[in-house]
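Listed below, chain by chain, are the residues.
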Amino acid sequence: MSDGKTDRTRQNALLYHALPKPGKLEIRATKPLANGRDLSLAYSPGVAEACIEIKNDPATAADYTARGNLVAVVTNGSAVLGLGNIGALASKPVMEGKAVLFKKFANIDCFDIELNESDPEKLADIVCALEPSFGAINLEDIKAPDCFIVEKLCRERMGIPVFHDDQHGTAIVVGAAATNALHVAGKTFEDIKVVSTGGGAAGIACLNMLLKLGVKRENVWLCDIHGLVHEGRTEDMNPQKAAYAQPSDLRTLDQVINGADLFLGLSGPNVLTPEMVGRMAKRPIVFALANPTPEILPDAARAVVPDVIMATGRSDYPNQVNNVLCFPFIFRGALDVGATEINDDMQLACIDGIAALARATTSAEAAAAYKGEQLTFGADYLIPKPFDPRLMGVVASSVAKAAMDSGVATRPLEDFAAYKENLDGSVFKSALIMRPVFSAAAQARRNIVFAEGEDERVLRAAQAMLEETTDIPILIGRPDVIEARSERAGLTIRAGRDYEVVNPENDPRYRDYWETYHKLMARRGVTPDLAKAIMRTNTTAIAAIMVHRGEADSLICGTFGQYLWHLNYIRQVLARDGLHPVGALSLMILEDGPLFIADTHVHPEPTPQQIMETVIGAARHVRRFGLEPNIAMCSHSQFGNLDCDTGLRMRGALELLEALEPDFAYEGEMHVDAALDEDLRERIFPGGRLRGAANVLVFANTDAASGVRNILKMRAGGLEVGPILMGMGNRAHIVTPSITARGLLNMSALAGTPVAHYG
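Because the structure is a prediction, the values reported are computed rather than measured.

Cut-offs applied
Residues numbered from 1 in each chain as written. Predicted model: local features only at pLDDT ≥ 70, side-chain atom pairs only at ≥ 80, totals over all residues. Heavy atoms only, no water. Pairing = 2+ DSSP bridges. Helix = DSSP H or I, 4+ residues; strand = E, 2+ residues; numbered from the N terminus. Axes fitted to C-alpha atoms, helices over the stretch in contact; angles between N-to-C directions. Contact = heavy atoms within 4.5 Å. 1 Å grid on protein atoms, 1.4 Å probe; cavity = no way out; pocket = protein on both sides within 12 Å on 5 of 7 lines; lining within 4 Å. Points joined across faces, edges and corners; volume = space filled by probe spheres on them. Nonpolar A, V, L, I, M, F, W, Y, C, P; charged D, E, K, R; others polar. Buried < 20%, exposed > 50% of the residue type's maximum accessible area, 1.4 Å probe, protein only. Arc of directions from axis to C-beta. Phe/Tyr/Trp six-rings, centres within 6.5 Å; stacked < 30°, edge-to-face > 60°. Salt bridge = Lys/Arg side-chain N within 4 Å of Asp/Glu carboxyl O.

1. Looking at the sheet that holds strand β21 (residues 732-734)
Phase 1: The strand order β13-β12-β11-β14-β21 describes an open sheet built from five strands, whose pairing is parallel. What marks the edges here is a single partner per strand, and that holds for β13 (500-502) and β21. Within this sheet the neighbouring strands show an average axis-to-axis angle of 20°, counted without direction.
Phase 2: For strand β12 (residues 472-476) and β13, the ladder comprises three bridges, and the chain directions are parallel. Within β13, the position partnered with Leu-475 by the bridge is Val-501.
Phase 3: Across the sheet, helix α31 (residues 741-751) touches β11 (447-450), β14 (554-557) and β21, and the angle it forms with β14 is around 160°.

What follows is the structure in structure tokens.
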């Protein structure tokens, strides 16, 4: 009788691979090919110029072709996952999957190459012949000992990195996990006894790596299906196993497990029994990495030794040893410096980067991707999660630096700090465009008060502020709740040392706050009792009072609740001395560049005066990002062809702007397609003030602006920075409930910039 769940999983997997088009990869052009001129440049005759340059200087292939960012994933299908020798064709889904991981995690382009060749020397010949096409080779799923032969020959004959991920990728992640496991257990590599099962490519590579990390050769006991690898044994031996032969009369895993500090399993299911775990050293470390069934399940091991430190190869248990933590980023670093090989220094740097990242504060993005899991460094969190976006910057940069320091980089980096920033920018879509804002914020030290200080996203943003800016967070909320949630999230920030807490239920400034609020609002129907109630319960009002009193420089609110509700209290307290809400500006970061949208929240049907103020405010804020504003005023009417409401109001705003003669490009009224397509705009209205595509769209009502913002966010993959509340002198910003911790950090940088820095 079939298992219904298994059948569904199988069917879902097949549908995933078949629909909407077969396979997991496709090729896309990176240059336009829309007309005869493009064709003449892409192919004949223009392509000849690139060919001549490469012939004269082969290194320029990295400048004129995709080779510098292209990896071949090569296999003969002789040892595919747990499926064994299924052949080259059947291995193709796995190789496509590997290529997808390269692209997803490190933006590396791949071709998967499946070869019908079982002879390792002939296989090496074929791989070596691929060198002109690729910047690096990733060997995959080739059985032992053939994989050792293929890799050795390719490394000797090729001038590009050749990396057998089954060996070295596994070894690197095991090395990182072991580094941190020993840290937790209070042990050192030099002193531990290691017992390993499985003498295949991954197992041998892991043992070799442990030796490089400090484990003594005489303390390694390797067992395979025939028992202990010992001196004098001839059955199923090869030079790689023989290097670990012990001069011992012991013959079985059961005999050698006594007192072992680390069990490393890359063999098969249920090889290690609970009774054996009980005979290991105190605080034993068990890496049971066989898939899908480990050498021992974590629950079985913990039933005997509750404090055992466990890792498996499965995603449904803590500490999954997953090669994706390594291979995308080690190749990224190697390719970026034109490394000729991936050497020991680069692999050890990769280990250090992965291990250090797990010991650091967990990223908000990783926490969101693994909601509900405890991601605090310790026995159940030895290595980062694959979707931790910091892996790119930390690991790839460590590898690139090691390549340069060890002399294998043919294109060493001149500005390493800029390289690290670019790596982060490739993962955090907002990083590059936010750089001018963070730079300006670093010139001042401002107090930023968060109205919803108990929200985990706010807590993570506060932690990031302390790490990345000079600003000081102030959190409004109950101290015990903030502390408990910080500890649960694995954050290191603490009240008094890192941030100030305002407790609405019991703060010594309560009387000062409600009296201040009452004085401001007494002639607007607010009684003393109502003022007292608001200062006990309304955290946005409390934050606004703090800014009004000079106890904070800016406030951020809106992680829950309706935008206009928050805006009401900001208006009440802070809209004075010439300040008033002008509009909400959202920066949408898209694949082809930034696009600003206004007004998304403040004025449902703005007057011409309000539209004019929105345009001026948007121009001022766009310049904060180091960009020159190119503003399109959008409506249903296009350059006067309709006397509709939106067109008339836009026309009125245009007249007001023309009277002011602003120093930025603007034009209207027009449709969105005309705003973004210069050719279309020139056909309809030649000689206008805009050049190129607009980078700011100002709409005549919030329905249109908010609708475009949400479509770009939900359907075009746009990342929002904002909304930025214009007209309030940078004293208040209202975010929306969908904001992430990274988004809050970006807003804190905006709030942390004094008004003088952006006009």
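So, next bit.
2. Observations regarding empty space enclosed by the protein
If a probe the size of a water molecule is rolled over the atoms, the empty space left behind becomes visible.
Phase 1: Taken as a whole and judged by the stated rule, the model has two cavities of 30 Å³ or more.
Phase 2: Volume-wise, the largest cavity comes out at about 70 Å³.
Phase 3: Lining the largest cavity, in full, are Asn-319, Gln-320, Asn-322, Leu-325, Asp-380, Tyr-381, Ile-383, Pro-384, Lys-385 and Pro-386.
Phase 4: Here the residues of the lining of the largest cavity are counted per class, giving five nonpolar, three polar and two charged.
Phase 5: Taken as a whole, the second largest cavity spans an internal volume of roughly 40 Å³.
Phase 6: Lining the second largest cavity are Val-502, Asn-503, Pro-504, Asp-507, Tyr-510, Tyr-513, Met-535 and Ile-542.
Phase 7: Split into classes, the residues belonging to the lining of the second largest cavity amount to six nonpolar, one polar and one charged.

3. Considerations on the sheet that holds strand β9 (residues 285-288)
Phase 1: Spatially, the six strands line up as an open sheet ordered β7-β6-β5-β8-β9-β10, and their pairing is mixed. Edge strands, defined here as strands with exactly one partner in the open sheet, are β7 (227-228) and β10 (309-312).
Phase 2: Pairing of β9 with β10 involves four bridges; the strand directions are parallel. Each bridged residue has a counterpart across the sheet, and for Ala-288 the counterpart in β10 is Thr-312.
Phase 3: Where helix α8 (residues 165-185) meets the sheet, it contacts β8 (262-265), β9 and β10, and its direction lies at approximately 155° from that of β9.

4. Things to note about helix α21 (residues 479-488)
Phase 1: What α21 keeps buried is the set Val-481, Ile-482 and Ser-486. Buried residues of α21 fall within an arc of 130° about the axis and therefore sit on the same side.
Phase 2: Where α21 is buried, its residues meet α20 (456-468), β12 and β13.
Phase 3: One or two residues past the end of α21 sits Gly-490, with phi positive at roughly 75°.

5. Examining unusual backbone geometry
Phase 1: A cis amide bond, omega 0°, links Asn-291 with the succeeding residue Pro-292.
Phase 2: Examined against the element boundaries, Pro-292 turns out to sit in the loop between β9 and α13 (298-304).
Phase 3: Cis geometry is adopted by the peptide bond preceding Glu-669, which originates at Gly-668 and carries an omega value of -10°.
Phase 4: Note that Glu-669 resides in strand β18 (residues 665-670).
Phase 5: Backbone geometry places Asp-141, a non-glycine residue, at a positive phi of 55°.
Phase 6: Along the chain, the position of Asp-141 falls in the loop between β3 (136-139) and α7 (146-157).

6. Structural notes on the packing of aromatic side chains
Phase 1: Counted according to the given criterion, the structure contains ten aromatic pairs.
Phase 2: A ring pair is formed by Phe-105 and Phe-387, whose centres lie 5.3 Å apart and whose planes are at 55°; its orientation type is tilted. One end of the pair, Phe-105, is in helix α5 (residues 92-106); the other, Phe-387, is in the loop between α16 (364-369) and α17 (390-405), and 282 residues separate them in sequence.
Phase 3: Judged by its relative accessible area of 12%, Phe-105 falls in the buried class.
Phase 4: Aromatic pair Phe-416 and Tyr-419: ring centres 6.0 Å apart, planes at 50°, arrangement tilted. Placement of the pair is Phe-416 and Tyr-419 together in helix α18 (residues 416-427), with a separation of three residues, close to one helical turn.
Phase 5: Every member of this aromatic cluster is reached through a ring pair, and the members are Phe-102, Phe-163, Phe-327 and Phe-331.

7. Overview of the pattern of salt bridges
Note on pairing: side chains with opposite charge can pair once their charged atoms come close.
Phase 1: Inspection of the entire model under this criterion finds 44 salt bridges.
Phase 2: Two residues, Arg-709 and Glu-720, come together in a salt bridge whose shortest N-O distance is 2.7 Å. Of the two residues, Arg-709 sits in helix α30 (residues 702-714) while Glu-720 sits in strand β20 (residues 719-726), which places them eleven residues apart along the sequence.
Phase 3: The class of Glu-720 is buried, set by a relative accessible area of 12%.
Phase 4: Through salt bridges with shared partners, a single network forms among Glu-500, Asp-507, Arg-509, Asp-512, Arg-549 and Glu-551.

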